Amino acid sequence: VNVYFNWSLQPPPARYGGRHTVTLIPGDGIGPELAKHVCELFRFCCVPVDFEVVDVDSSMASEDDIDDAIMAIRRNGVALKGNIETNHNLPPSYKSRNNLLRTTLDLYANVMHCQSLPGVRTRHRKIDIMIVRENTEGEYSSLEHENVPGVVECLKIITKTKSLRIADYAFQTARAKGRRLVTAVHKANIMKLGDGLFLECCKEVASGYPEISFESMIVDNTTMQLVSRPQQFDVMVMPNLYGNVVSNVCAGLVGGPGLVPGANYGENYAVFETGTRNTGKSIANSNTANPTAMLLASCLLLDHLKLHDYASMIRRAVLSTLTETKLHTADLGGQGSTSEVLQRVMNAVQSTGPRTLSM
Amino acid sequence: MAGTAWRSAVSQVVGALKKESLQPRTFTRGIHTVTLIPGDGIGPEISTAVMKIFEVAKAPIQWEERNVTAIQGPGGKWMIPPDAKESMDRNKIGLKGPLKTPIAAGHPSMNLLLRKTFDLYANVRPCASIEGYQTPYTDVNLVTIRENTEGEYSGIEHVIVDGVVQSIKLITEQASQRIAEYAFEYAKNNQRASVTAVHKANIMRMSDGLFLRTCREAAEKHKDVKFNEMYLDTVCLNMVQDPSQFDVLVMPNLYGDILSDLCAGLIGGLGVTPSGNIGANGVAIFESVHGTAPDIAGKDMANPTALLLSAVMMLRHMGLHGHAQKIETACFDVIRDKKALTKDLGGNSKCSEFTDAICQRVRELV
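In short, a report on the structure.

Criteria and cut-off values
Residues numbered from 1 in each chain as written. Chains lettered and ligands numbered in written order. Predicted model: local features only at pLDDT ≥ 70, side-chain atom pairs only at ≥ 80, totals over all residues. Heavy atoms only, no water. Pairing = 2+ DSSP bridges. Helix = DSSP H or I, 4+ residues; strand = E, 2+ residues; numbered from the N terminus. Axes fitted to C-alpha atoms, helices over the stretch in contact; angles between N-to-C directions. Contact = heavy atoms within 4.5 Å. Buried < 20%, exposed > 50% of the residue type's maximum accessible area, 1.4 Å probe, protein only. Right-handed = clockwise from strand over helix to strand, strands pointing away. 1 Å grid on protein atoms, 1.4 Å probe; cavity = no way out; pocket = protein on both sides within 12 Å on 5 of 7 lines; lining within 4 Å. Points joined across faces, edges and corners; volume = space filled by probe spheres on them. Nonpolar A, V, L, I, M, F, W, Y, C, P; charged D, E, K, R; others polar. Expected span 1.5 Å × (residues − 1). Phe/Tyr/Trp six-rings, centres within 6.5 Å; stacked < 30°, edge-to-face > 60°.

Let us now look at the sheet that holds strand S3 (residues 78–81) of chain A. Residues and elements named next belong to chain A. The strand order S2-S1-S3-S12-S11-S4-S5-S10-S8-S9 describes an open sheet built from 10 strands, whose pairing is mixed. Looking at strand neighbours, the two that pair on one side only are strand S2 (49–53) and strand S9 (213–218), the edges of this open sheet. With direction set aside, neighbouring strand axes in the sheet form an average angle of 25°. In this structure, strand S8 (residues 181–186) lies alongside strand S10 (residues 235–238), joined through 3 bridges in parallel fashion. Looking at S10, one finds that Ala184 is bridged to Val237. Contacting strand S4 (109–115), strand S5 (128–134), S8 and S10, helix H7 (residues 240–254) runs over the sheet at an angle of about 155° to S5.

Here it is as structure tokens:
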């Protein structure tokens, strides 16, 4: 049995009377308001989680803030985060804070489960795709240089260890969730050595899981297939940049950035966020953001902490709220506000009977 | 920094001196000779179909057929046959069907060879929803302009140590300037309102940052066209939800590859998508981007729409808008009528029947 990584990622032990401490990084844009809503909802539902809030100021040139956040995550083992803005007009010495967090903590697997949700009208129905994206290397290695003025080289790094690791993660996930097919997405016809290595690693791992079918598809064909027949895909595994493209396409197919949660898993840490990692600057503080993605991410967090009852309760309430079309927020074509959605979620939780705080 | 400003000023002057004419050549009189490369598989039959339709439409085009199987020149370097190269250099405009690349041929892909020979730096794919061919997306009307010579497809890869591979993505100021200039010229010549640069400069700060800077500089020189920039993931997200918000998109090689195929998927696939490659020295080769379909070759089942729409794009590039409009309208009318569609469009007519239907419609429109 090939074991490329420690699959059974144990959640950190609960402390101080059965309550977990989770790092919360509000981020920028709609991050802070959504983080506040999660705190409110957890307190209302009496979830045994305490949040340690760490603010990261993206306008500061020093990396002290993000270093503090990373230390807090090391301490607590698990985090919920909003997206931290990266001003791409700053010089290259200013690295993306989100990327720094992922690579320092070695959160090598980004998992996004895109499924058609009831109550959301989309062009395609019955989509159920699990995207496993390598999260630490590939095109996001941040290795660039300008040897000659006007000529810039950017290095894309693919390593055997990380490719084997992510492929094994994908197959383990497929096996654990009873999925039938894993598709590797690549561009090995052009990047023969880089993506060729990735593909070889996937094939090697696939041979150890005979009950799961394995296929590979070139990335441009993949996007074409996704917009015409997305139902053919089951689990998809791919390097970093293609993961970015494919996860955004899939999120768009099931209804947009406000609906899909994302999870970043490493060997020792787990960080949960919205799937498409948007700051939502243009709608910040207008009470129009869709809280579904962040709330479902918090459910993933609760599942990770093995607080399954709370997770199911909140998830059920959020999904039932989604079926109420008149509460849909602007991204779903409605005029509902974030607070109305949250109120409805709390009502749904209370009506299912568990102990809640008085409203 | 003073050094950067000086360098950029020098490169602007040099660029202006070296600037090739990017205006479409207006062919107002006489017959124009165009190099035709039928290609492999279904290539010859769809080329015949296109030639027939052009004849009926009385388009002032004379075709010069050439073959482009790779041959080994002196020194062992692979190249296209000299008569094909000479014809293309003389005529400047070409129409190409699908080419196959045999797996163990020992030579690079034919498309790559053509691209290097004629320095085809811009790949242009206009994607517009076809009224008669239903897809879940009905309001697509955009153009993807993709840098075609460098970027992630430079082919520079190394094995650093066993198990660690690096691929180099190359972005140069010169190539970025060229493609940005072309994008704005295209927008102006085709009455397009805005150009969007697609990038990932938040992660690839220097490389995409350079691309973005050159796009901004080109935007300054073309104030009549609106310019904005968008992250690649945001474009993908919005493209599958509401493609009508996009107009002209300009981007480096890899993003262009993925996005142009994504947009082709939105309108119905590679069988109905036209494409053009613009090169240095006024060379332009228009092509169908689907495969050679060896399983239906020679059986009169192929769909010539992609090649036909590419030929229409060619006519527009040459300034022959009247003929282009006629042929395009005829093609869309026949598809909308649904009476003579080929198998891939949902009907069961032959290629020749589909072609005849278009010819008939062209005659009615004259």
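The next thing to look at is the pairing of strand S10 (residues 194–199) of chain B. Residues and elements named next belong to chain B. The buried fraction of S10 is high, at 6 of 6 residues. Burial along S10 is two-sided: the face carrying Ser194, Thr196 and Val198 and the face carrying Val195, Ala197 and His199 are both buried. Inspection of the sheet shows S10 paired to strand S11 (residues 226–231) by 6 bridges, in the parallel sense. Within S11, the residue paired with Ser194 across the bridge is Lys226. You can see the chain leave S10, run along helix H6 (residues 207–221) and come back into S11, and the turn it takes is right-handed.

Residues and elements named next belong to chain A. A positive phi is found at Asp106, a non-glycine position, where the angle reads about 55°. Following the sequence through the fold, Asp106 ends up in the loop between helix H3 (97–104) and S4. Non-glycine residue Asn285 carries a positive phi angle of around 60°. Judged by relative accessible area, which is 70%, Asn285 ranks as exposed.

All names here are of chain A. One pass over the structure, following the stated rule, counts 5 cavities of 30 Å³ or more. Estimated volume of the largest cavity: approximately 90 Å³. Contributing to the lining of the largest cavity are 14 residues, with Asn290, Thr292, Thr321, Leu322 and Val341 lying nearest its centre. For the lining of the largest cavity, the secondary-structure elements that each account for two or more residues are helix H8 (292–304), helix H9 (308–322) and helix H10 (338–351). In terms of residue count, H9 provides more of the lining of the largest cavity than any other element does, 3 residues in total. Broken down by class, the residue content of the lining of the largest cavity amounts to 8 nonpolar, 5 polar and 1 charged.

Across the sheet, which stays open at both edges, the 4 strands sit in the order S6(A)-S7(A)-S9(B)-S8(B) with antiparallel pairing between neighbours. This sheet does not close on itself; its edge strands, each paired only once, are strand S6 (144–148) of chain A together with strand S8 (151–161) of chain B. Each neighbouring strand pair of the sheet contributes to a mean axis angle of 30°, computed without reference to strand direction. Alignment of strand S7 (residues 151–159) of chain A against strand S9 (residues 164–172) of chain B, held across 9 bridges, turns out to be antiparallel.

What follows deals with helix H5 (residues 173–189) of chain B. All names here are of chain B. Between the first and last C-alpha of H5 there are 24 Å, a value that for 17 residues agrees with the 24 Å anticipated at 1.5 Å per step. Of all 17 residues that make up H5, 12 are buried, and the element is covered over most of its length. By the burial criterion, the buried members of H5 are Glu173, Ala175, Ser176, Ile179, Ala180, Glu181, Tyr182, Ala183, Phe184, Glu185, Tyr186 and Ala187. Phi for Gln191, located one or two positions after H5, is positive at around 55°.

Residues and elements named next belong to chain A. Counting across every chain of the model gives 10 aromatic pairs over all chains. Geometrically, the ring pair formed by Tyr265 and Phe272 is edge-to-face, given 5.8 Å between the ring centres and 85° between the ring planes. Assigned by exposure class, Tyr265 and Phe272 land together as buried. Within the aromatic cluster, the residues linked to one another by ring pairs are Tyr108, Tyr169, Tyr265 and Phe272.

Taken by themselves, the reported measurements are silent on function.
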